[in-house]
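# Topology and contacts: notes
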Amino acid sequence: MAALCSEFGDLVQIKKQLISVISLCKERGLVHSVKWASELAFALDPLPKDELPPSHLVSEEDVQDLDAFALAKSYFDLKEYDRAAYFLRGCHSKKAYFLYMYSRYLSGEKKKDDETVDSLGPLEKGQVRNEALRELRVELSKKHRAGELDGFTLYLYGVVLRKLDLLKEAVEVFVEATHTLPLHWGSWLELCNLVTNIEMLKSLSLPSCWIKDFFMAHIYTELQMIPGALQKYQSLIEAGFSKSTYIISQIAVAYHNIRDIDQALALFNELREQDPYRIENMDTFSNLLYVKSMKPELSYLAHNLVEIDKYRVETCCVIGNYYSLRSQHEKAALYFQRALKLNPRCLGAWTLMGHEYMEMKNTSAAIQAYRHAIEVNKRDYRAWYGLGQTYEILKMPFYCLYYYRKAHQLRPNDSRMLVALGECYEKLSQQVEAKKCYWRAFSVGDVEKMALLKLAKLQEQLTETDEAAQSYIIYIQEIFSCGEQLEHVEVSTALRYLGQYYFKNKLYDEASLCAQRCCDYNDAREEGKALLRQISQVRDQTETPSGELFVSLSDNNTPIKRVSPLNLSSFTP
């Protein structure tokens, strides 16, 4: 991992740069960039009065446009975008030109969202277009070719290109924007949303600036390169940003992505203590509470967010998760729809709504929701995985295989994707591929403890008796060693098979032990008793010591040599 930029040695200079960019972004109405920079600045020590950065230089054009800009900015802040654009028409300064174009863009976006909410259901979102985009592109492209765009207007040009699905051109413009104005986080964030893989990331020519380390940490999280992301964030904390709530939230999201639920929950609780009125990322926090089935905590979070702001996207998603946990799936879907009315590009709401439609057995609506999630972010493995599950229900294994492969590419070390792929290959009679997937799922750390069981059953079907026995042995030892209850649904299946396997191979001590353990389970009790009776009869008929059996079987080169006897003596039910 590359070392942090040397600029981190001078935190005073970074603080000055943050204060300057906060002022620049505030003038242009870029509220999210202002918030990000302000949170970082707050995490650093305050500057003495004589260290504060001077105000920005004012050009002759800025002076001429001062009154019109102040009037238009007041309308812009009131979200009267057309009115703001009208009064900025004759202005010539770069600051006024940006606000003029940005007002026109936001006016088009507002009209598009209003029309979408009024006329269409949530699943048809995305069909209505911002009519201002083409005009904006024509005007901005002329200025771009003439080299007249500053860092902020380059950012806006990139956004327009992305909205028109001209992604290659958008990436080039955002890279140019980061070089022209490296301190504007909005350009970096937009670029992050367009980078699809690590090869593309390496091909980008990015400026060497301290903010690049924040970008790299963020993109590593997005690309599921979580160890690299955590290392970057740890380095940023050590560099002086230990008080940053932004970094704490990003680390919590990273732990969420690798399913380290306890660590993520601890960080979100710490974040809530430091910033109790924070709503950002609380939908991710609610996902963790949902997975842990923590109903009281999820209920408290939902009520708390409703008191703060009931019409925020994150609040609607938290309430949706709460109703989903209570199995009220219609209500949950309704709240996810509300979230999408507030923000049609909310990735989490699309995915979660797909899950709710799956619960309601509405596969066509689920497919639409998952497809919308992928349109918003092609890196969302949950949407690809959800599509695979939906087509699995529809018994369309080739479609299913395609989507599970996509999910696996995004999460190569997630055992759930590998098990799903294995099941798919099994249905398509590609047993060799299925076995590879199940073994790989076990090797990377099987979350659901099902990969070895499925592998053993497949080997059993293929009459690979020794391999099946070995898989069952490892499966049982895994279940017992991780402290799970013996009531695990399939332990009895494994014990039944191993009992018969050892009996057929005349390993009566091991067979007897498996039969005794079978008696602990209702579904295997009778078979266990029957096997114990068989073993007793055989032992009455022969006087051959068990030790000699081991020797004679080994001498005859039977397959038993490849399977070690099951040792359950150290595990108690």
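Residues numbered from 1 in each chain as written. Predicted model: local features only at pLDDT ≥ 70, side-chain atom pairs only at ≥ 80, totals over all residues. Heavy atoms only, no water.

### Side note on the overall build of the protein chain
Rules: Secondary structure follows DSSP: runs of H or I at least 4 residues long count as helices, runs of E at least 2 residues long count as strands, and numbering of each begins at the N terminus. Remark: exposure states derive from per-residue accessible area (1.4 Å probe, protein chains only) relative to the maximum for the residue type, with buried under 20%, exposed over 50%, and partly exposed in between. Residue contacts are counted whenever heavy atoms from the two residues lie within 4.5 Å of one another. Using a 1.4 Å probe, accessible areas were evaluated by the Shrake-Rupley method; residue-level cover was limited to the displayed protein chains.
When you go through the protein chain residue by residue, the secondary structure sums to 31 helices and zero strands. By the burial criterion, 51% of the 573 residues in the protein chain qualify as buried. In the protein chain, of all internal contacts separated by at least 6 residues, the share reaching a separation of at least 24 is 59%. Total accessible area on the protein chain is roughly 28200 Å²; 50% of this is exposed by carbon and sulfur atoms.

### Comments concerning the side chain of Asn-321
This is how it is decided: Polar contact is the term for a pair of N or O atoms within 3.5 Å; when the atoms are in protein, one must be able to donate a hydrogen and the other to accept it, and sequence-neighboring residues count only if both atoms are side-chain atoms.
Of note, Asn-321 is situated in helix H18 (residues 313-325). Under the relative-accessibility criterion, Asn-321 is labelled buried at 3%. For Asn-321, the side chain forms a polar contact with the side chain of Ser-286, separated by 2.8 Å. Asn-321 has contacts with Asp-283, Ser-286, Asn-287, Tyr-290, Leu-298, Phe-336 and Leu-352, leaving out every residue within four places of it along the chain.

### Structural notes on a positive patch on the surface
This is how the line gets drawn: A patch consists of residues whose relative accessible area exceeds 30% and which take part in no salt bridge; residues with like charges are grouped when within 9 Å of each other, and nonpolar side chains (Val, Leu, Ile, Met, Phe, Trp, Tyr) when within 5 Å. The salt bridge definition used is simple: a Lys or Arg side-chain nitrogen within 4 Å of an Asp or Glu carboxyl oxygen. The charged-residue count follows a simple rule in which Lys and Arg add positive charge and Asp and Glu add negative charge, with His and chain termini not counted at all. Here the site of a charge means NZ on Lys, CZ on Arg, CG on Asp, or CD on Glu.
Where like charges cluster on the molecular surface, the positive patch consists of Arg-134, Arg-137, Lys-142 and Arg-145. Here Arg-145 is to be found in helix H7 (residues 133-145).

### A short note on the state of the cysteines
Definition in use: Cysteine sulfur atoms are paired as a disulfide whenever they come within 2.5 Å of each other.
The final tally for this structure, using the stated rule, is zero disulfides. Cysteine Cys-514 remains unbridged, with the sulfur of Cys-518 as its closest cysteine sulfur at 6.8 Å. For Cys-514, a relative accessible area of 1% corresponds to the buried category.

### Considerations on the layout of surface pockets
Note the following rule: Lining residues are those with an atom within 4 Å of a point, where the points come from a 1 Å grid over the protein atoms alone and group into cavities, where a 1.4 Å probe fits but cannot get out, or pockets, open sets with protein on both sides within 12 Å along at least five of seven lines. Grid points are joined across faces, edges and corners, and a volume is the space filled by probe spheres set on the points. Under the scheme applied here, ten amino acids are nonpolar (Ala, Val, Leu, Ile, Met, Phe, Trp, Tyr, Cys and Pro), four are charged (Asp, Glu, Lys and Arg), and all others, including Gly, are polar.
One number sums up the size of the second largest pocket: a volume of about 380 Å³. Along its surface, the second largest pocket is lined by 14 residues, and Thr-196, Asn-197, Arg-379, Gln-409 and Leu-410 are the ones closest to its centre. Among the elements of the structure, helix H11 (198-203) and helix H23 (397-410) are those that each provide at least two residues to the lining of the second largest pocket. Broken down by element, the residue count for the lining of the second largest pocket peaks at three residues, all from H23. The class makeup of the residues in the lining of the second largest pocket is five nonpolar, four polar and five charged.

### So, the packing of aromatic side chains
Formally: For this analysis, a ring pair means two rings from Phe, Tyr or Trp (six-membered ring only for Trp) whose centres lie within 6.5 Å, classed as stacked if their planes differ by under 30 degrees, edge-to-face if by over 60, and tilted for the remaining angles. The criterion is that NZ of a Lys, or CZ of an Arg, lies within 6 Å of the ring centre and within 35 degrees of the ring normal, and then a charge sits over that ring.
On inspection of all chains with the given rule, the structure shows 30 aromatic pairs. On the numbers, 5.1 Å between centres and 75° between planes, the contact of Tyr-402 with Tyr-403 is edge-to-face. For Tyr-402, a relative accessible area of 44% corresponds to the partly exposed category. It is Arg-89 that lies over the ring of Tyr-86; its NZ or CZ is 4.0 Å from the centre.

### Focus: the pattern of salt bridges
Throughout the structure, instances matching the rule amount to 27 salt bridges. The salt bridge partner of Lys-95 is Glu-27, with a shortest N-O separation of 3.6 Å. Of the two residues, Lys-95 sits in helix H6 (residues 94-119) while Glu-27 sits in helix H1 (residues 11-27), which places them 68 residues apart along the sequence. Its relative accessible area of 17% is what places Lys-95 among the buried residues. Between Glu-39 and Lys-35 there is a salt bridge, and its shortest N-O distance comes to 4.0 Å.

### Overview of the environment of Ala-332
When you line up the elements, Ala-332 lands in helix H19 (residues 329-342). Separated by 25 residues in sequence, Ala-332 and Tyr-357 place their C-alpha atoms 9.7 Å apart.

### A word on helix H20 (residues 347-359)
Counted only if it meets this: Working rule for helices: expected span equals 1.5 Å times residues minus one.
For H20, built from 13 residues, the straight-helix expectation of 18 Å at 1.5 Å per residue is met to within 8% by its first-to-last C-alpha distance of 19 Å. Along H20, 11 of the 13 residues are buried, which leaves the element largely enclosed by surrounding structure. Every buried residue belonging to H20 is among Leu-347, Gly-348, Ala-349, Trp-350, Thr-351, Leu-352, Met-353, Gly-354, Glu-356, Tyr-357 and Met-358, and all of these are buried. Residues of H20 that are buried in the fold lie against helix H16 (282-291), H18, H19, helix H21 (363-376) and helix H22 (381-393). Note on H20: the residue one or two positions beyond its end, Lys-361, has a positive phi of about 65°.

### Quick word on the nonpolar core
We count it as follows: By convention a nonpolar core is built from buried Ala, Val, Leu, Ile, Met, Phe, Trp, Tyr and Cys residues, the set being connected through side-chain atoms within 4.5 Å.
In terms of nonpolar packing, the biggest core is built from 184 residues, with Tyr-105, Phe-214, Phe-215 and Ile-219 touching the most fellow members. Take this core: its biggest share by element is nine residues, from H6. Setting aside residues no more than four positions away along its own chain, Ile-219 makes contact with Cys-192, Val-195 and Leu-201.

### Quick notes on the confidence of the model for the protein chain
Stated precisely, the cut-off is as follows: Confidence scores per residue from the predictor, reported as pLDDT, run from 0 to 100.
For the protein chain, per-residue confidence averages 86 on the pLDDT scale, and residues scoring 70 or more make up 89% of the total. Segment residues 544-562: pLDDT under 50, and 18 contacts once partners within four positions in sequence are set aside and those in other chains are kept. Note on residues 569-573: pLDDT under 50 across the span, and seven contacts to partners over four residues away in sequence or across chains.

### A word on unusual backbone geometry
Phi is positive for Arg-259, close to 60°, though the residue is something other than glycine. Along the chain, Arg-259 turns up in the loop between helix H14 (245-257) and helix H15 (261-274). The phi angle at Lys-506 is positive, at roughly 65°, despite the residue not being glycine. Note on placement: Lys-506 falls in the loop between helix H28 (491-504) and helix H29 (508-518).

### Examining empty space enclosed by the protein
A water-sized probe, rolled over the atoms, reveals where empty space remains. Summed over the entire model, instances satisfying the criterion amount to two cavities of 30 Å³ or more. Surrounding the largest cavity, Leu-495, Arg-496, Gly-499, Gln-500, Cys-518, Glu-527, Gly-528 and Leu-531 form its lining. When residues of the lining of the largest cavity are traced back to their parent elements, those giving at least two are H28 and helix H30 (525-541). A total of four residues in the lining of the largest cavity trace back to one element, the largest contributor, which is H28.

### A short note on H28
Along an α-helix, a turn takes 3.6 residues, which lines up residues three or four apart on a common side. Taking 1.5 Å as the rise per residue, H28 with 14 residues should run 20 Å; its terminal C-alpha atoms sit 20 Å apart, in good agreement. Counting buried positions along H28 gives 11 out of 14 residues, so the element sits mostly inside the fold. On the buried face of H28, the contacting elements are helix H26 (451-461), helix H27 (465-481), H29 and H30.

### Considerations on a nonpolar patch on the surface
A surface patch of nonpolar side chains, amounting to about 270 Å² of accessible area, comprises Leu-71, Tyr-86 and Phe-87. Here Leu-71 is to be found in helix H4 (residues 66-77).

### Some words on the environment of Ser-249
Mapped onto the elements, Ser-249 comes out in helix H14. Separated by 18 residues in sequence, Ser-249 and Leu-267 place their C-alpha atoms 7.4 Å apart. Residues within four places of Ser-249 in sequence aside, it is in contact with Leu-271, Arg-278 and Asn-281.

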